[in-house]
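Residue-level structure breakdown
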Amino acid sequence: MDNEMTLSFLAISDNEGLARIAITSFLAVLDPTIEELSEIKTVVSEAVTNAIIHGYDENPNGIVTVQASRQGREVTITILDQGMGIENVTQAMEPLYTTKPMLERSGMGFTIMESFTDQLAVQSELGKGTAVTFKKQFQPVQEPLYVR
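Residues numbered from 1 in each chain as written. Predicted model: local features only at pLDDT ≥ 70, side-chain atom pairs only at ≥ 80, totals over all residues. Heavy atoms only, no water.

So, on to the overall build of the protein. Helix and strand counts for the protein stand at four helices and five strands. Going residue by residue from the N terminus, the α and β elements of the protein occur as β-α-α-β-β-α-α-β-β. For a compact globule of 148 residues, the expected C-alpha radius of gyration is about 15 Å, and the protein comes in at 16 Å, within 12% of that figure. Projected onto the principal axes, the alpha-carbon positions of the protein cover approximately 60 × 30 × 25 Å. Split into buried and exposed, the 148 residues of the protein put 43% on the buried side. Considering only contacts within the protein whose residues lie at least 6 apart along the sequence, 65% involve residues at least 24 apart. (Helix = DSSP H or I, 4+ residues; strand = E, 2+ residues; numbered from the N terminus. Rg over C-alpha atoms; globule rule 2.2 N^0.38 Å. Buried < 20%, exposed > 50% of the residue type's maximum accessible area, 1.4 Å probe, protein only. Contact = heavy atoms within 4.5 Å.)

Take a look at the structure:
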């Protein structure tokens, strides 16, 4: 392991930005592209928001934990909650499926996460919580071409 981090915070929506900034700082050493950073920030945002809204039903006393590790240019990030859990993970991962239509949730969170990562795994147990783990391989740093 080249490096790893763990960050835990209350399940309030203000902390979603904290999670994105922490991950951005953790990844800075890789000199990621703007596109790579944007994709990872989006995935972290989706997973943290799911933990807050669905895992804890917006109960601010819950704790969301972000764990990240880096080996070479591959990053593994896990977003954990100890909330309600997901009854049917397969169904929850279907595009447009949502348990909160009254909140105008689009049901595209897992679809977005899958599209921006190389690997996505969701483990959940009712009454015990959910772990969303994803991996992404960052592209090698491109040396700038200089014209003489």
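Another aspect to go through is the sheet that holds strand β2 (residues 63-71). What the five strands build is an open sheet, ordered β1-β2-β3-β5-β4; its pairing is antiparallel. The open sheet is flanked by β1 (3-10) and β4 (119-125), the only strands paired with a single partner. Here the strands of the sheet are splayed against their neighbours by 10° on average, with no regard to which way each runs. Sheet analysis places β1 next to β2, joined by eight bridges and oriented antiparallel. Across the sheet, residue F9 finds its bridge partner in β2, namely V64. Packing against the sheet, helix α2 (residues 34-55) makes contact with β1, β2, β3 (74-81) and β5 (129-137), and its axis sits at approximately 175° to β5. (Pairing = 2+ DSSP bridges. Axes fitted to C-alpha atoms, helices over the stretch in contact; angles between N-to-C directions.)

Here the focus is the pairing of β4. As paired elements, β4 and β5 share seven bridges and run antiparallel to each other. The partner of Q119 across the bridge, within β5, is K135. Connecting β4 to the next strand, β5, in antiparallel fashion are three residues, including G127 with a positive phi near 80°.

Geometry only, nothing functional implied.
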